[in-house]
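Coordinates in review
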Amino acid sequence: MSHSTTVKDPRILLFSAGAMAGCINVTLPASATVFLDPKIFNFSNSMYGGLFVFFLSTAVLASWFFRLLAARFTAGRVLQLGMMFYALGALLFAGGLVVADQRMLAYAITCLSVLLLGFGFGGTLSALNELIVAHSSRRPEISLTYLHAVVTGGAALAPAIVGFCIDKQCWAFAPIGEGIIMLILLFPAEKLFTAVTPSAPSEKIANERFVNGHSRAEIFFLLLAGLYGLCESAVANWSTVILQSQYAMVESHATVVMSLFWGSVATFRFLFARFTIEKHVRLFWFLSPIVMLVALVVIGISKNAILVVSAVTLGGCAMSYYFPLTLAIAGSALPKSRNRLSGTTVATLLSGAGISAISIGLISDLHIAEMSTIVGGFGLFAFAMIVIQARMDRIS
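Thresholds, definitions, all that
Residue numbers run consecutively from 1 along every chain, following the written order of its sequence. Only residues with pLDDT of at least 70 get local features here, since the model is predicted, and only at 80 or more are side-chain atom pairs given and counted; chain-wide, interface and lining totals rely on the full set of residues. The basis for every side-chain value is the complete set of heavy atoms in the structure, and neither hydrogens nor water enter the calculation. The patches described consist of residues with a relative accessible area above 30% and no salt bridge, like charges being joined within 9 Å and nonpolar side chains (Val, Leu, Ile, Met, Phe, Trp, Tyr) within 5 Å. Residue burial considers only the protein chains on display, and all accessible areas are found by Shrake-Rupley using a 1.4 Å probe. By definition, a salt bridge exists where a carboxyl oxygen of Asp or Glu is found within 4 Å of a side-chain nitrogen of Lys or Arg. Put simply, DSSP marks the helices as runs of H or I at least four residues long and the strands as runs of E at least two long, and each gets a number from the N terminus on. The buried label applies to any residue whose accessible area, calculated with a 1.4 Å probe on protein chains only, is under 20% of its type's maximum; exposed applies above 50%, and partly exposed to all values in between. Here, nonpolar core means buried Ala, Val, Leu, Ile, Met, Phe, Trp, Tyr and Cys residues that are tied together by side-chain atoms lying within 4.5 Å of each other. Only heavy atoms matter for contacts: two residues are in contact if any of them lie within 4.5 Å across the pair. How far a helix is expected to stretch is found by multiplying one less than its residue total by 1.5 Å. Polar contacts, as used here, are pairs of N or O atoms within 3.5 Å; protein pairs need one atom able to donate a hydrogen and one able to accept it. Residues neighboring in sequence count only if both atoms are side-chain atoms. Think of a 1 Å grid over just the protein atoms. A cavity is a set of points where a 1.4 Å probe fits yet cannot get out, a pocket is an open set with protein on both sides within 12 Å along at least five of seven lines, and lining residues have an atom within 4 Å of a point. Grid points are joined across faces, edges and corners, and a volume is the space filled by probe spheres set on the points. The nonpolar class holds Ala, Val, Leu, Ile, Met, Phe, Trp, Tyr, Cys and Pro. Asp, Glu, Lys and Arg form the charged class, and all remaining residues, Gly among them, are polar.

This next bit is on a nonpolar patch on the surface. A cluster of nonpolar residues, Leu91, Phe173, Ile176, Ile180, Leu183 and Ile184, forms a patch on the protein surface that exposes about 520 Å² of accessible area. For the nonpolar patch, the element with the most residues is helix 7 (residues 173–189), which contributes 5 residues. When you line up the elements, Phe173 lands in helix 7. By relative accessible area, Phe173 is classed as exposed at 59%.

Here it is as structure tokens:
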């Protein structure tokens with residue numbers, strides 16, 4: 001592995017960019033009460049869910065496009081472009097409030113801002129995944145888990161920041177401040193514009209009996225990423241809406257629950273990266289979708305707000321390490337496809353998250369079932385993950 005000589009420790013910048021990316025990402029769902037409030041934006045559930053479709057569809061395109069761009073230039077250049085889109089999107093995100101009394105115009109401005117945020121997310125996350133492995137001496141699965149722990153640590157702060165700004169009637173300050181900080185981080189990112197050589201895959205994980213034949217294995221890993229995206233989006237983006245609409249939870253308490261979810265994700269990612277050992281990696285990977293299934297079922301059938309909050313927290317623990325671990329296992333098991341998988345797995349996850357966001361909003365507006373029941377039904381996707389992983393384990 002070769003390291004860049006232009007930056008003393010580029011991981012500081014990478015972790016800082018990751019934390020801000022996580023914070024900006026969760027500002028959208030954390031602002032659900034603002035968007036759905038009849039006195040402010042007055043968006044419907046379908047319009048709110050549609051924002052995630054705009055965000056995630058452009059993130060999918062960005063993951064593919066920036067992967068090609070990184071091959072022509074460097075991952076450092078892709079990182080700076082992604083950060084630039086993030087900053088512009090966050091600043092425009094607050095602009096919709098200026099015309100909030102004109103519902104459709106405000107929605108159009110908000111959609112444009114989330115399109116920019118989507119490009120920022122797709123480019124930044126793909127570049128960070130590649131750069132953190134290249135600039136770290138740790139095993140790939142540990143480096144990626146630490147990175148994603150920092151990303152979700154930033155995500156855990158977003159609901160508290162947004163909630164504070166809402167209470168002080170200055171909601172727009174949250175995305176404006178995030179955009180300015182991301183702009184500031186753009187300048188040191190220039191130092192990462194050097195070619196990097198990815199580190200070697202972890203041999204023990206690469207030798208696990210997960211796969212037989214690259215094409216089939218890639219399909220399995222992509223399916224897992226997409227199904228995971230469906231489950232994560234269902235819990236992360238709709239839990240606060242469920243608690244407010246069905247359990248009459250006040251706005252400030254609902255944002256605390258979102259912080260609790262992302263906080264559990266970040267905490268368990270740090271714990272996993274710090275204490276796990278290689279022989280336990282496979283066990284953790286198999287346990288995660290089982291716990292996700294339990295959490296989603298509890299959200300769907302419970303009539304008690306405390307149980308729902310507990311299930312949301314449990315879901316955060318189960319989801320904490322699953323995606324970075326899947327990404328590391330896929331890259332280690334298929335080293336020749338590693339660069340391609342870095343972009344395609346992110347794109348597939350985002351596709352699943354987008355489908356989840358819009359489908360829950362549409363079904364809810366059709367009054368077919370309560371939102372909690374809809375979210376609980378996504379436990380079927382967690383069950384599908386269990387089946388796929390069991391199938392992968394049996395392949396010799």
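Right, let's talk about the nonpolar core for a bit. Judged by nonpolar contacts, the single largest core of 121 residues is most densely connected at Phe35, Leu51, Trp171, Trp262, Met292 and Val375. Sort the elements by how many residues they give to this core and helix 9 (residues 214–247) lands first, with 17 residues. What Trp262 contacts, discounting residues up to four positions off in sequence, is Val26, Thr152, Ala155, Ala156, Glu232 and Ala236.

Along its 15 residues, helix 12 (residues 305–319) runs 21 Å from first to last C-alpha, staying within 8% of the 21 Å computed at 1.5 Å per residue. Along helix 12, the residues classified as buried are Val308, Val309, Ala311, Val312, Thr313, Gly315, Gly316, Cys317, Ala318 and Met319. With a side-chain oxygen lying 2.8 Å from the backbone nitrogen of Ile306, the N-terminal cap of helix 12 falls on Asn304.

This model, assessed by the stated rule, comprises 1 salt bridge. A salt bridge links Lys303 to Glu370, with the shortest nitrogen-to-oxygen separation between them at 3.6 Å. Of this pair, Lys303 sits in the loop between helix 11 (278–301) and helix 12 while Glu370 sits in the loop between helix 14 (338–365) and helix 15 (371–377), placing them 67 residues apart in sequence. The exposed category is assigned to Lys303, whose relative accessible area is 65%.

A few words now on empty space enclosed by the protein. In the structure shown here, the tally under the stated rule is 3 cavities of 30 Å³ or more. Its volume calculated, the largest cavity comes out at about 410 Å³. As for the largest cavity, its lining consists of 25 residues, of which Asn25, Phe121, Glu232, Trp262 and Leu349 are closest to the centre. Going through the elements one at a time, helix 1 (11–30), helix 3 (45–72), helix 5 (103–134), helix 6 (140–167), helix 9, helix 10 (251–275) and helix 14 are the ones with two or more residues in the lining of the largest cavity. Residue classes in the lining of the largest cavity are distributed as 17 nonpolar, 6 polar and 2 charged.

A few words now on the environment of Val78. Note that Val78 resides in helix 4 (residues 75–93). Look at Val78 and you get buried, because its relative accessible area is 2%. Put simply, Val78 and Gly123 are 45 residues apart on the chain and 6.1 Å apart in space, counted from C-alpha to C-alpha.

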